[in-house]
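One-letter residues, chain by chain:
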Amino acid sequence: MADIQHNIDTHTIEAETVHSAPRKGNKFAWIALALTIGAWCALMWSNGYVALAVGALAVTSGFIGLRGSSINIKRLSITAIIASTVLIVVLAAFLIVIKIGMAV
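Read on for an overview of the structure. (Residues numbered from 1 in each chain as written. Predicted model: local features only at pLDDT ≥ 70, side-chain atom pairs only at ≥ 80, totals over all residues. Heavy atoms only, no water.)

**Here we look at the nonpolar core**
If you look at the biggest cluster of nonpolar residues, it comprises 8 residues: A39, A42, A51, L52, V54, L87, L91 and L95. Of all the secondary structure elements, the ones that give two or more residues to this core are helix 2 (27-45), helix 3 (48-65) and helix 4 (71-103). The contact partners of A42, leaving out residues within four places of it in the chain, are N47, V50 and A51. (Core = buried A, V, L, I, M, F, W, Y, C linked by side-chain atoms within 4.5 Å. Buried < 20%, exposed > 50% of the residue type's maximum accessible area, 1.4 Å probe, protein only. Helix = DSSP H or I, 4+ residues; strand = E, 2+ residues; numbered from the N terminus. Contact = heavy atoms within 4.5 Å.)

Rendered as structure tokens:
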């Protein structure tokens, strides 16, 4: 009986010491964050159309970044997607109102 308990303990210790492969962070989540910040900066110092294009790239890379292995990487991607989408929606609505208002 003692041998069986010793074998069970040995197997559980061996199972716990097996190391898994290190998780790699998804680079697209970090790229999405950088593009989101770049889109907001482009809105301040450049043209609104440039900010829309960079924001669209940020949303795209954010959706690719959702395939990350870590929950923190997924949360980073979701944050970048939300910030870029807010920029796109607000800026697009503003540009549409200005274009329609200037056309009348």
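**Brief notes about helix 3**
In this model, helix 3 (18 residues) spans 25 Å end to end at C-alpha, consistent with the 26 Å of a helix rising 1.5 Å per residue. Every buried residue of helix 3 is listed here: G48, A51, L52, V54, G55, A58, V59, S61, G62 and G65. Its buried side turned inward, helix 3 meets helix 2 and helix 4. (Expected span 1.5 Å × (residues − 1).)

**Let's talk about helix 4**
For helix 4, spanning 33 residues, the distance from its first C-alpha to its last is 47 Å, which sits close to the expected 48 Å at 1.5 Å a residue. Listed in full, the buried residues belonging to helix 4 are I73, L76, S77, A80, I81, S84, L87, L91 and L95. If you follow the buried residues of helix 4, they end up packed against helix 2 and helix 3. With a side-chain oxygen positioned 3.2 Å from the backbone nitrogen of N72, the residue opening helix 4 is S70. (Polar contact = N/O pair within 3.5 Å; in protein donor to acceptor, adjacent residues only side chain to side chain.)

**Notes on the packing of helix 2 against helix 4**
When two helices pack together, their arrangement is given by the angle between the helix axes and by the axis-to-axis distance. Closest axis-to-axis distance for the helix 2/helix 4 pair is 8 Å, and the angle between their directions is 25°. In terms of their interaxial angle, helix 2 and helix 4 are classed as roughly parallel. For the pair helix 2 and helix 4, the crossing hand works out as left-handed. Here A29, W30, A32, L33, T36, A39, W40 and L43 of helix 2 lie close against helix 4, whose contacting residues are I73, L76, S77, A80, A83, S84, L87 and L91. (Axes fitted to C-alpha atoms, helices over the stretch in contact; angles between N-to-C directions. Parallel < 35°, antiparallel > 145°, perpendicular 65-115°, else oblique. Left-handed = near helix turned anticlockwise from the far one by under 90°.)

**Notes on a nonpolar patch on the surface**
A grouping of W40, I78, I82, V86, V89 and V90 is seen on the molecular surface, where their side chains present a nonpolar patch of about 540 Å² in accessible area. Sorting elements by how many residues they give to the nonpolar patch places helix 4 first, with 5 residues. In this structure, W40 sits in helix 2. (Patch = residues over 30% accessible without salt bridge, like charges linked within 9 Å, V, L, I, M, F, W, Y side chains within 5 Å. Areas by Shrake-Rupley, 256 points an atom, 1.4 Å probe, with all protein chains shown as cover. Salt bridge = Lys/Arg side-chain N within 4 Å of Asp/Glu carboxyl O.)

**A closer look at the packing of helix 2 against helix 3**
At a minimum axis distance of 8 Å, the contact between helix 2 and helix 3 shows a crossing angle of 165°. It follows from the interaxial angle that helix 2 and helix 3 lie roughly antiparallel. As helix 2 runs across helix 3, the sense of the crossing is left-handed. Of the residues in helix 3, those touching helix 2 at F28, A29, I31, A32, L35, T36, G38, A39, A42 and L43 are G48, V50, A51, V54, G55, L57, A58, S61, G62, I64 and G65.

**Here's the deal with the side chain of S70**
Tracing the backbone through its elements, the reader meets S70 in the loop between helix 3 and helix 4. For S70, a relative accessible area of 18% corresponds to the buried category. One polar contact links the side chain of S70 to the main-chain amide nitrogen of N72, over a distance of 3.2 Å.

**Remarks on the side chain of N26**
Take N26: it is sitting in the loop between helix 1 (2-16) and helix 2. Take N26: its relative accessible area is 15%, and that puts it in the buried class. Only 3.5 Å separates the side chain of N26 from the backbone oxygen of G65, close enough to count as a polar contact. Contact partners of N26, with chain neighbours within four places excluded, come to I64, G65, R67, G68 and I73.

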